[in-house]
Amino acid sequence: MSADAELSSILNRRQQINEALDNGQAVRPTFKVVNVYTEFHEFSRKEIKDYQATFSKYDVGNDGYLDLAELKFMMEKLGAPQTHLGLKGMIAEVDEDQDGKISFREFLLIYRKARAGELISDSGLGQLARLTEIDVDEVGVGGAKDFFEAKIEQQLRTNKFHDEIRQEQEERRRMEEERQLRRQQFQQRAAVFQ
């Protein structure tokens, strides 16, 4: 998007807000998340990249959204075809900006809700989330082991104190290495005078 188009978009939005407020209407705020890695901290970077690959695979229009036709195609390819109303219901369940399409951020909301147990298992979104789970028969014990190790790593990562402790330990190790290096350099210089 060019700078002129972006500025025009912002000014148009501001004008719409002002007009709505003047008419006594409620204005629903819109939010843009800059980084999905920070918003969806419950997912590992690898998981988000895997979800991004899945999303991109079915985003045939390369517009950053899954529209009704693309969602229909995706569900058919995953082996869980949906009716037209079912697809509209799937979109409505996560469509926060009410544009009738699923953005990548909204796509990640599906998996967040699935982990939180907020999806009905027979719903289209429940089926979508279930289709991405690890199947031990398909990937073998090694794949399942990697999956559970990633889950444990994710849980450790969500503990904010774990990261701080790890950073402190790395800082102490680095300072100790620097101290030893300075000591060696001092001993080498002192050896010249002996």
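A quick note: this is a predicted structure, and the numbers were derived from the prediction, not measured.

### Some thoughts on the overall build of the protein chain
Alright, step 1. When helices and strands are tallied, the protein chain shows nine helices and two strands.
Alright, step 2. Each helix and strand of the protein chain, placed in order from N terminus to C terminus, yields the pattern α-α-α-β-α-α-β-α-α-α-α.
Alright, step 3. The buried share among the 194 residues of the protein chain stands at 22%.
Alright, step 4. Pairs at least 24 apart in sequence give 46% of the contacts found in the protein chain among residues at least 6 apart.
Alright, step 5. Counting only carbon and sulfur atoms, one obtains 53% of the accessible surface of the protein chain, whose full area is about 14200 Å².

### A look at the packing of aromatic side chains
Note on aromatic pairs: each is described by the distance of the centres and the angle between the planes.
Alright, step 1. Going through the model one piece at a time under the given rule, you end up with seven aromatic pairs.
Alright, step 2. When the ring of F55 is compared with that of F104, the centres are 5.5 Å apart and the planes differ by 65°; the resulting orientation is edge-to-face. Of this pair, F55 sits in helix α3 (residues 45-58) while F104 sits in helix α6 (residues 104-116); the two residues are 49 residues apart in sequence, bridging distant segments of the chain.
Alright, step 3. What makes F55 buried here is its relative accessible area of 2%.
Alright, step 4. Overall, F104 belongs to the buried group, its relative accessible area being 10%.
Alright, step 5. Grouped by ring-pair contacts, the aromatic residues F40, F43, Y51, F55, F104, F107 and Y111 constitute a single cluster.
Alright, step 6. Over the aromatic face of Y65 sits the side chain of K101, whose NZ or CZ is 4.3 Å from the ring centroid.

### A word on the pattern of salt bridges
Alright, step 1. Taken as a whole and assessed by the stated rule, the structure comprises 11 salt bridges.
Alright, step 2. Among the ionic pairs, R105 bridges to E39, the shortest N-O distance being 2.8 Å. Of the two residues, R105 is situated in helix α6 and E39 in helix α2 (residues 36-39); the sequence distance between them amounts to 66 residues.
Alright, step 3. For R105, a relative accessible area of 22% corresponds to the partly exposed category.
Alright, step 4. Across the pair E178 and R174 runs a salt bridge, and its minimum N-O distance is 2.6 Å. Taken together, the residues span about one helical turn, with E178 and R174 both in helix α9 (residues 160-192) at a distance of four residues.
Alright, step 5. The partly exposed category is assigned to E178, whose relative accessible area is 35%.
Alright, step 6. Judged by its relative accessible area of 35%, R174 is partly exposed.

Here is what the cut-offs are and how they apply
- Residues numbered from 1 in each chain as written.
- Predicted model: local features only at pLDDT ≥ 70, side-chain atom pairs only at ≥ 80, totals over all residues.
- Heavy atoms only, no water.
- Helix = DSSP H or I, 4+ residues; strand = E, 2+ residues; numbered from the N terminus.
- Buried < 20%, exposed > 50% of the residue type's maximum accessible area, 1.4 Å probe, protein only.
- Contact = heavy atoms within 4.5 Å.
- Areas by Shrake-Rupley, 256 points an atom, 1.4 Å probe, with all protein chains shown as cover.
- Phe/Tyr/Trp six-rings, centres within 6.5 Å; stacked < 30°, edge-to-face > 60°.
- Lys NZ or Arg CZ within 6 Å of the ring centre and 35° of its normal.
- Salt bridge = Lys/Arg side-chain N within 4 Å of Asp/Glu carboxyl O.

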